[in-house]
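A structural walkthrough
Residue strings, one per chain:
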There are 2 protein chains.
Amino acid sequence: MNAVLHNDRLLRALLRQPVDVTPIWLMRQAGRYLPEYRAARARAGSFMALCQIPDWACEITLQPLARFPLDAAILFSDILTVPDAMGLGLSFSDGEGPRFARPLRSAADIARLAVPDPEVELRYVLDAVRLIRRELDGCVPLIGFSGSPWTLATYMVEGSSSKDYARIKALLYDQPSVLHCLLDTVARAVTVYLNGQIAAGAQAVMVFDTWGGILAPRAYREFSLAYLAQIVAGLTREAEQRRVPIILFTKGGGAWLEDLAATGCDAVGVDWTVDLGEARRRIGSRVALQGNLDPAVLYAAPERIRAQAAQVLADFGTGPGHIFNLGHGIQPGVDPDRVGALVAAVHELSRSRQPDRGT
Amino acid sequence: MNAVLHNDRLLRALLRQPVDVTPIWLMRQAGRYLPEYRAARARAGSFMALCQIPDWACEITLQPLARFPLDAAILFSDILTVPDAMGLGLSFSDGEGPRFARPLRSAADIARLAVPDPEVELRYVLDAVRLIRRELDGCVPLIGFSGSPWTLATYMVEGSSSKDYARIKALLYDQPSVLHCLLDTVARAVTVYLNGQIAAGAQAVMVFDTWGGILAPRAYREFSLAYLAQIVAGLTREAEQRRVPIILFTKGGGAWLEDLAATGCDAVGVDWTVDLGEARRRIGSRVALQGNLDPAVLYAAPERIRAQAAQVLADFGTGPGHIFNLGHGIQPGVDPDRVGALVAAVHELSRSRQPDRGT
């Protein structure tokens, strides 16, 4: 692996070190809004093939970087590869989202789960990480990721996307100890999986707690936050003589930013329903902040995108510790040129906002 | 109309006056979880018939009161009756939710909208209110309701339920003045509609801002909150020699409770993602609070429902100003007996929590 990193803005900002311009990457920056992604998916035949064949995963990871001067690559994969490796049988149907052939239906199903060895059952992911690092050749850092235990458990118990989360919530309120058993197993699986990604070359890692926001405050702390903290405590924090920053993101978790910051992570992702200036006042002295433009702004005209990006930068204010991102993934209907306008605007507008310049 | 109200706990609690026990009603208390509701819907042939024929609307409104000692009735209707009366052509397909035959597709569509006369285009709703009041005979108060302008506009522009709100958000970010025109028209329509309900006998009114929580903070204040405040300012505040309390509820609006309280409403609905004690510390000196049990608790065993209800009561603490409710509507798969267990638990547990008793 090439240890030289030509653009280290992301890693510096995640550690609240000075940077020349605010780094930007976008959740789902490699995805359906790109025609070259849709073409690749059509050729590969299925979404799972894109994830499971390292050449495809690498090609798709790099697609947005060929178009836009983004400051990071993020591994192309899916949060549900871990439960798939645990034997649940993942598939994706067009328009319907993910589905497990063998969802968890009993305490016995849960007791039977084992922690996969990432170099065996998830080797295709680690091979993709190694290949992407080689292809990136130090141009920008590579972010690895996983779903949070609570979010993965939600899919594992519901079997697919859910409108009312009846099964997982029934488990939570009626059999909390069974749910804790599941969450502990998944947290251990996520920890070794992310450590595998770090060993393979991921230079930062992010945990997506997509469904933490559906929980009541006490339930969030007990069933999601505690396992995020368990993961943070178990992760490799240094590789290639660099700190490996950890980003935690609970969508809809604006009320719990202090709790997320207290886990020991380096950065907290913030969705667009939170005022970024308020988030900074609350936790900005302890962690970096990543976010938080409403993804729907990308439907607007370029000058309006620019104005909204300026507002996010102003909300954060001057000084280090901000990684620009959307508050959630890019929506499939977005015109790629609008994404280009956003990336250019963030770099240009933030150049004047850095009081003490880095490197 | 019978001016005597035998159980006035709800109205007293909404005005932060002492009560003997904490009043409870439940969002969607008349709904699909009740077998008698499903039977009525099958006989009526469609959901719209249930709303549009006052005898049906009255029967369904009263169904949960025949089972449980709830402290209020809420008009059985739908938030989308207003846009339907504006000519958009509402229908409901099983499992798919609401759909408009003529969604708003241009600024010209929006400019053409007129404010319906509730005694003409929405007479069926007001007739239902009058009939329900007669049938209730002062047993408990009747709550009227409407959707918020932002929430109604979302459906009117999207045409149906939406996953990513692409159309309404594009309008918001690209043509804000067109959206303001729509929201102003809808706010005026909602105001006369709710005043019509109050004149017909509604003793409290609630505005449901179901989709306010998808907005960024500035957008929430500009496109949802401002129109909630406009409605509050335009409502009849007294009828039958009593104050008519106004309840505002933005689902996912936990960050903006202070803004909601500052509109001049009497009570704020709180979803289950907010700690009710914290909500009380923030706004409890100005308004009553309604909420906020996670609806999924109703999947649990009765003793666990009781424990969770006790927690909500403890979170609020002693003293007046609490109306027990779920944080969102009852889910269709819930066993009615669990609802009965909740209502009994709230009344029993709260009896000892009232330091100074009312009437």
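Above this note sits the structure.
I will try to describe carefully the structure that is included in this document. No experiment lies behind these values; they were computed from the predicted model shown. (Residues numbered from 1 in each chain as written. Chains lettered and ligands numbered in written order. Predicted model: local features only at pLDDT ≥ 70, side-chain atom pairs only at ≥ 80, totals over all residues. Heavy atoms only, no water.)

1. Some details on the relation of the copies chain B and chain A
Taken as rigid bodies, chain B and chain A are interconverted by a rotation of 180° and an axial shift of 0.0 Å, the fit giving an RMSD of 0.0 Å. Expressed as a symmetry operation, the mapping of one chain copy onto the other fits a two-fold axis. Identified as the residue of chain B closest to the rotation axis by C-alpha distance is Ala255(B), at 3.7 Å. Taken together, the interface assignments show that 100% of the residues at the interface of chain B recur at the interface of chain A, consistent with an identical surface on both copies. (Least-squares fit on C-alpha atoms with pLDDT ≥ 70 in both. Contact = heavy atoms within 4.5 Å.)

2. Digging into the interface of chain B and chain A
Between chain B and chain A, the residue contacts involve 29 residues of the former and 29 residues of the latter. With both chains or domains summed, chain B and chain A bury close to 2400 Å², and 49% of this area falls on carbon and sulfur atoms. Of all residues in chain B, Tyr173(B), Asp174(B) and Arg218(B) bury the most surface against chain A, accounting for 25% of the area lost on that side. Our count for the chain B to chain A interface comes out at six salt bridges. Measuring nitrogen to oxygen at the nearest pair gives 2.7 Å for the salt bridge that ties Lys169(B) to Asp294(A). For the interface between chain B and chain A, the tally reads 14 residue pairs in polar contact (both at pLDDT 80 or more). For the side of chain B that touches chain A, the secondary-structure elements that each account for two or more residues are α9 (166-174), α11 (217-234) and α14 (302-316) of chain B. Looking at the side of chain B that touches chain A, the element that brings in the most residues is α9(B), giving five residues. (Buried area = accessible area lost by both parts, 1.4 Å probe. Salt bridge = Lys/Arg side-chain N within 4 Å of Asp/Glu carboxyl O. Polar contact = N/O pair within 3.5 Å; in protein donor to acceptor, adjacent residues only side chain to side chain. Helix = DSSP H or I, 4+ residues; strand = E, 2+ residues; numbered from the N terminus.)

3. Regarding the nonpolar core
Core analysis: the biggest nonpolar cluster contains 279 residues, and Met156(A), Leu182(A), Leu342(A), Met156(B), Leu182(B) and Leu342(B) have the highest contact counts within it. In contact with Leu182(B), other than residues within four places in its own chain, are Leu104(B), Ile110(B), Leu113(B), Ala153(B), Met156(B) and Val157(B). (Core = buried A, V, L, I, M, F, W, Y, C linked by side-chain atoms within 4.5 Å. Buried < 20%, exposed > 50% of the residue type's maximum accessible area, 1.4 Å probe, protein only.)

4. Structural notes on the pattern of salt bridges
One pass over the full model with this rule turns up 41 salt bridges over all chains. Taking the shortest distance from any N to any O, the salt bridge between Arg133(A) and Glu240(A) comes out at 2.8 Å. Of this pair, Arg133(A) sits in helix α7 (residues 123-136) while Glu240(A) is found in the loop between β6 (238-239) and β7 (242-243), placing the two residues 107 residues apart along the sequence. Glu240(A) gets classed as partly exposed once you look at its relative accessible area, which sits at 29%. Notably, a salt bridge pairs Arg218(B) with Asp315(A), separated by 2.7 Å at the nearest N-O pair. Of the two residues, Arg218(B) sits in helix α11 while Asp315(A) sits in helix α14 (residues 302-316), which places them in two different chains. Judged by relative accessible area, Arg218(B) falls into the partly exposed class, the value being 42%. Through salt bridges with shared partners, a single ionic network connects Glu119(A), Arg123(A), Asp127(A) and Arg130(A).

5. Digging into the packing of α9(B) against helix α10 (residues 176-200) of chain B
Residue and element names in this part refer to chain B. In contact at an axis separation of 5 Å, α9 and α10 are set at 115° when each is read in the N-to-C sense. Residue-level contacts link Ile168, Leu171, Leu172, Tyr173 and Asp174 of α9 to Pro176, Val178 and Leu179 of α10. When the residues that make up the contact of α9 with α10 are grouped by side-chain class, the tally is seven nonpolar, no polar and one charged. (Axes fitted to C-alpha atoms, helices over the stretch in contact; angles between N-to-C directions. Nonpolar A, V, L, I, M, F, W, Y, C, P; charged D, E, K, R; others polar.)

6. So, the packing of aromatic side chains
Residues and elements named next belong to chain A. Using the criterion set out here, one finds 14 aromatic pairs over all chains in the structure. Look at phenylalanine 47 and phenylalanine 76: their rings are 5.8 Å apart centre to centre, the planes differ by 70°, and that puts the pair in the edge-to-face class. Of this pair, phenylalanine 47 sits in helix α3 (residues 47-52) while phenylalanine 76 sits in the loop between β1 (73-74) and α5 (81-88), placing them 29 residues apart in sequence. With a relative accessible area of 10%, phenylalanine 47 lands in the buried category. Judged by its relative accessible area of 7%, phenylalanine 76 is buried. Ring centres 4.1 Å apart and planes at 15° place the aromatic pair tyrosine 220 and tryptophan 256 in the stacked group. Taken together, the positions of tyrosine 220 in helix α11 (residues 217-234) and tryptophan 256 in the loop between β8 (246-250) and α12 (257-261) put the pair 36 residues apart, joining distant regions of the chain. Between arginine 280 and the ring centre of phenylalanine 316, over which it is positioned, the NZ or CZ distance is 3.9 Å. (Phe/Tyr/Trp six-rings, centres within 6.5 Å; stacked < 30°, edge-to-face > 60°. Lys NZ or Arg CZ within 6 Å of the ring centre and 35° of its normal.)

7. Some words on the side chain of Ser77(A)
All names here are of chain A. Relative to the elements of secondary structure, serine 77 occurs in the loop between β1 and α5. Serine 77 sits in the buried class, given a relative accessible area of 10%. Each residue touching serine 77, except ones within four places of it in the same chain, is listed here: Phe47, Cys51, Val125, Phe145 and Tyr193.

8. Side note on unusual backbone geometry
All names here are of chain A. That bond from glycine 291 to asparagine 292 is cis: its omega, -5°, falls within 30 degrees of zero. Of note, asparagine 292 is situated in strand β10 (residues 288-293). Here arginine 28, not a glycine, exhibits a phi torsion of approximately 60°, which is positive. Mapped onto the elements, arginine 28 comes out in the loop between α1 (9-14) and α2 (35-44). At glutamate 240, a position not held by glycine, the phi torsion is positive, near 50°.

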